[in-house]
Amino acid sequence: MGLFPSDILSAAEAIIRDFTAAGLMVSTAESCTGGLISGALTEISGSSAVVDRGFVTYTNSAKTELLGVQEQTLLRFGAVSEETARQMVHGALFRSRADIAVAVTGIAGPGGGSAEKPVGLVHLTVKSRSGALIHRKMLYGDIGRAEVRLATVRTALEMVRSLLTR
């Protein structure tokens, strides 16, 4: 049995294949997934040609110190926001050799949610060095911590691959 479900491994395999063919690299900036996106990518043989680095920035101070997320952004919008995800992806892209970066921040649960930011809310952003950007606000719902995290990995991998084809 592998570490990840087969659909995630297939998506990761496609990214490794396509990025290798295009000579591109990727970096990740992860909060709620705790490194699962880079874990899925590095599960694939040959990923060292594609995966430059991953940032696991679970705390606000890690987001600020490692990715350059502004403290004012965190105070005004919170860690789980589009604004924070955009600054995370920018930091991951420009603190790496990657051509494309992905950032995720969310509330996996079971606790930590509120009426404004419920459990299952995740912000995902993918950005390329050329400036192309995709952002998605996902509301997975209170489907369980593991399922929120795996759903986020699925969405993130799909977004990374779709940015390559733009």
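Structure shown above.
Residues numbered from 1 in each chain as written. Predicted model: local features only at pLDDT ≥ 70, side-chain atom pairs only at ≥ 80, totals over all residues. Heavy atoms only, no water.

Draft legend 1. Geometry of the pairing of strand S1 (residues 26-30). Along S1, 5 of the 5 residues are buried, which leaves the element largely enclosed by surrounding structure. The alternating pattern of S1 places Val-26, Thr-28 and Glu-30 and Ser-27 and Ala-29 on opposite faces, both of which are buried. Pairing analysis gives 5 bridges linking S1 to strand S2 (residues 51-56), with the strands arranged parallel. Considered in S2, the bridge of Val-26 is made with Val-51. Assessed by its sense of winding, the connection that carries the chain from S1 through helix H2 (residues 36-42) to S2 is right-handed. (Buried < 20%, exposed > 50% of the residue type's maximum accessible area, 1.4 Å probe, protein only. Helix = DSSP H or I, 4+ residues; strand = E, 2+ residues; numbered from the N terminus. Pairing = 2+ DSSP bridges. Right-handed = clockwise from strand over helix to strand, strands pointing away.)

Draft legend 2. Structural detail: unusual backbone geometry. At the junction of Gly-109 and Pro-110, the peptide bond is cis and its omega measures out at 5° in the coordinates. Relative to the elements of secondary structure, Pro-110 occurs in the loop between strand S3 (100-106) and strand S4 (121-128).

Draft legend 3. How the structure looks around the nonpolar core. Among the nonpolar cores identified, the biggest contains 32 residues, and Ile-37, Leu-41 and Leu-157 are the most heavily contacted of them. Residue assignment for this core shows that the elements contributing at least two residues are helix H1 (6-22), H2, S3, S4 and helix H6 (145-164). Among the elements that take part in this core, H6 stands out by supplying 9 residues, more than any other. In contact with Leu-41, other than residues within four places in its own chain, are Ala-12, Ile-15, Ile-16, Val-26, Thr-28, Ser-47, Val-51 and Leu-157. One finds Leu-67, Val-69, Leu-74 and Leu-93 within the second-largest nonpolar core, a separate group that totals 11 residues. (Core = buried A, V, L, I, M, F, W, Y, C linked by side-chain atoms within 4.5 Å. Contact = heavy atoms within 4.5 Å.)

Interpretation note: all reported values are geometric properties and have no functional meaning in isolation.
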